Every structure is written in structure tokens, then in C-alpha cells.
Amino acid sequence: MSAAAALMVAAEGGVIGDGRTGANLALGVGLIGVAIGWLAQARLAGRISTGNARTGAMSAMVVGLIGMALAVLHLATSSGGPGTGNGIVGAIAAIPLGLTAIVIGWRALAHSRRPEQTADRFEHEREFGSTS
């Protein structure tokens, strides 16, 4: 296969099809965002000891937003309806997936900003009242 033919196949969407490539990309990016957010939550819970939870949370939010933007862009530029092979259903499914990544990342970021409260501090507040 020549380089010109390979570029033509890549521009047309390859073996997957013309319309499904953008939707599959949006789904993949949204799924990666959910995975990054889940790992950030696991870091905060202490199940994973490597990495920074705040960076993971912000990354999940950004990747989820990119996945949603790709899905909306695909919906805006594709013709036809569901069942035509243009990836409309995949793009529609990628929007809540991106939203899920944003929400998981936002929750992890909010949880990482809270001050650590140990059992000793709770016991002290119970005995002497709140110190704040």
C-alpha cells in the first residue's frame, strides 16, 4: 500500500467507517477520563499510594470535557440519524460518559481540598467542643 493510499484510508476513517471514528474517539476519551477519575478517588482513599490525587482529579475533569466536546462536535457535523452508521448513538453515549468523568474528578478534587480529620481530632472535639 502506498503512502498516498494509506493517507486516503486514514482520512476516510479507515476500516471502522466514516462516521463512527469520531464517535469512537469521543467514547474512548470519555472512558479514559472516567478511569483517571476513579484512580484519583482510589488515591484519596489510600488504596493506591503513587501519584497525586489533585492532579489526577483535574486531569479527569479536563479529559472528560474534551470527550464531551468531541462528542458534541461529532453530533453537530454528522448527517443522518440513529442507525445510519454515522456514529450518532456513540456520540450521544459519549456525552454522559464525559459528564461522569467530570463529576468523578470534581468530587475527587473537592475531597482532596478538605482538611484531614483524624480520630484524635474527633475525640478532642467531642470532649472539649469545637475549636473553630
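See the structure above.
Since the structure is predicted, the reported quantities are computational estimates derived from the model, not experimental observations.

J.: I keep staring at the packing of helix 2 (residues 20-45) against helix 4 (residues 88-113) and nothing clicks. Help me out?
T.: Two numbers describe a pair of packed helices, the interaxial angle and the distance between the axes. For the pair helix 2 and helix 4, the least separation of the axes is 8 Å and the interaxial angle reads 20 degrees. Taken as axis vectors, helix 2 and helix 4 run roughly parallel relative to one another. Handedness of the helix 2/helix 4 crossing: left-handed. Residues Ala23, Ala26, Leu27, Gly30, Leu31, Gly33, Val34, Gly37, Trp38, Ala40, Gln41 and Leu44 of helix 2 form the contact with helix 4, whose own contacting residues are Gly90, Ala91, Ala93, Ala94, Leu97, Thr100, Ala101, Ile104, Arg107, Ala108, His111 and Ser112. Partitioned by chemical class, the residues of the contact of helix 2 with helix 4 number 15 nonpolar, 8 polar and 1 charged.

J.: I would appreciate a short explanation of the nonpolar core in the present structure.
T.: In globular proteins that are soluble, nonpolar side chains generally tend to be buried together. Of all hydrophobic cores here, the largest spans 5 residues; its members are Ala23, Ala26, Ala71, Ala91 and Ala94. Looking at this core, the elements that each hand over two or more residues are helix 2 and helix 4. For alanine 91, the residues in contact, after removing those within four places along its chain, are Ala23, Ala71, His74 and Leu75.

Rules of the game
Residues numbered from 1 in each chain as written. Predicted model: local features only at pLDDT ≥ 70, side-chain atom pairs only at ≥ 80, totals over all residues. Heavy atoms only, no water. Axes fitted to C-alpha atoms, helices over the stretch in contact; angles between N-to-C directions. Helix = DSSP H or I, 4+ residues; strand = E, 2+ residues; numbered from the N terminus. Parallel < 35°, antiparallel > 145°, perpendicular 65-115°, else oblique. Left-handed = near helix turned anticlockwise from the far one by under 90°. Contact = heavy atoms within 4.5 Å. Nonpolar A, V, L, I, M, F, W, Y, C, P; charged D, E, K, R; others polar. Core = buried A, V, L, I, M, F, W, Y, C linked by side-chain atoms within 4.5 Å. Buried < 20%, exposed > 50% of the residue type's maximum accessible area, 1.4 Å probe, protein only.

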